[in-house]
Amino acid sequence: GKTSAVVCGDIGGYTLGNAKPLEAVDTCLCMGAGLGIAQAVNHLEPDRSCFAFVGDSTFFASGMTGVVNAVYNQHDMVLVVLDNSTTAMTGHQPHPGTGKTMMGDIVDKVSIVKILEAVGVTEVRTVNPLDLEASVNAVKELADMPGVKAIIFKSPCIALYRPEKMCEISSDKCINCKKCIRELGCPAITVNEGRVVIEPSLCTGCGLCTQVCPVSAIS
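Residues numbered from 1 in each chain as written. Predicted model: local features only at pLDDT ≥ 70, side-chain atom pairs only at ≥ 80, totals over all residues. Heavy atoms only, no water.

1. A closer look at the pattern of salt bridges
Part 1: This structure, assessed with the given rule, holds 4 salt bridges.
Part 2: Note that Glu45 and Arg48 form a salt bridge whose closest N and O atoms lie 3.8 Å from each other.
Part 3: On the basis of relative accessible area, Glu45 is assigned to the partly exposed category, the value being 37%.
Part 4: The partner of Arg125 in a salt bridge is Glu123, and the shortest N-O contact between them spans 2.8 Å. (Salt bridge = Lys/Arg side-chain N within 4 Å of Asp/Glu carboxyl O. Buried < 20%, exposed > 50% of the residue type's maximum accessible area, 1.4 Å probe, protein only.)

2. Side note on the environment of Pro163
Part 1: By the element assignment, Pro163 lies in the loop between β6 (148-154) and α6 (179-184).
Part 2: Spatially, the C-alpha atoms of Pro163 and Cys206 are 7.7 Å apart, while their sequence positions differ by 43 residues.
Part 3: Discounting residues that sit within four places of it in the chain, Pro163 has contacts with Thr204 and Gly205. (Helix = DSSP H or I, 4+ residues; strand = E, 2+ residues; numbered from the N terminus. Contact = heavy atoms within 4.5 Å.)

3. With respect to the environment of Ser4
Part 1: Locating Ser4 in the fold gives a position in strand β1 (residues 3-8).
Part 2: Judged by its relative accessible area of 37%, Ser4 falls in the partly exposed class.
Part 3: Remark: the alpha-carbon pair of Ser4 and Phe51, spanning 47 residues in sequence, is separated by 7.5 Å.

4. Notes on the side chain of Asp83
Part 1: Note on placement: Asp83 falls in strand β4 (residues 77-83).
Part 2: Dropping the residues within four chain positions of it, Asp83 is found in contact with Asp56, Ile112, Ile152, Phe153, Lys154 and Ser155.

5. Some points on helix α5 (residues 132-143)
Part 1: The end-to-end C-alpha distance of α5, which contains 12 residues, comes to 16 Å, matching closely the 16 Å that a straight helix rising 1.5 Å per residue would cover.
Part 2: Turning to α5, the residues buried within the fold contact β3 (48-55), β4, β5 (123-127) and β6. (Expected span 1.5 Å × (residues − 1).)

6. Focus: unusual backbone geometry
Part 1: Located in the positive-phi region is Gln74, a residue other than glycine, with phi close to 55 degrees.
Part 2: Relative to the assigned elements, Gln74 resides in the loop between α3 (56-72) and β4.
Part 3: Even without a glycine there, the phi angle at Asn176 is positive, about 60 degrees.
Part 4: Within the secondary structure, Asn176 is located in the loop between β6 and α6.
Part 5: Judged by relative accessible area, which is 17%, Asn176 ranks as buried.

7. Some points on the pairing of β6
Part 1: The element β6 is extensively covered by neighbouring structure, given that 6 of its 7 residues are classed as buried.
Part 2: As paired elements, β5 and β6 share 5 bridges and run parallel to each other. Pairing of Arg125 across the sheet is with Ile151, part of β6.
Part 3: Traced from β5 through α5 to β6, the parallel crossover comes out right-handed. (Pairing = 2+ DSSP bridges. Right-handed = clockwise from strand over helix to strand, strands pointing away.)

8. Things to note about the pairing of strand β7 (residues 189-192)
Part 1: Pairing analysis gives 4 bridges linking β7 to strand β8 (residues 195-198), with the strands arranged antiparallel. Bridge pairing in β8 places Val191 opposite Val196.
Part 2: Linking two consecutive strands that pair antiparallel, namely β7 and β8, is a turn of 2 residues; a positive phi of about 55 degrees is found at Glu193 within it.

Structure representation (structure tokens):
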């Protein structure tokens, strides 16, 4: 029954949230600031469900203190960590969660889950973001719970681990409803001469479109 506020503090989250048809982001400032903004919104408008997005590298750089503050001050918010186990936006350099140092030494990975639990976040879910049903269910489950909750959407970075198989549309099954375009905003799915098509050079093979299509025309 609550309305929601989505705030970001990361370049990737800002870009994604402001691209049609997603348009999910209400407010964005600087990297790591999403956690603080969400707490402020919750303080001013306690009837709203607040979501704060942060990448895994930014979580280590400037997000952890915001989580501690949120738990300490008993805020209601959902922290969403977008974990692709790299620093994709600035060159794929390692961070404490990758298990490798800048000099190439192999070290123990610092667990985001253990950090969250250690500072008092009692509800932590790790979900594959390419499983649409599981992702939606996790968000719905945690949205109205009191206190600080966390969802870690964990999936490899497509720039480092690109799937070999691409998605294809069956022209015989496709009813041209364009639901895949309206709901995903995927740059690989476009309209060509009035028909929905997938551009192979842009498709990452994530499979989200196969889960959205109402007639199973994408495989």
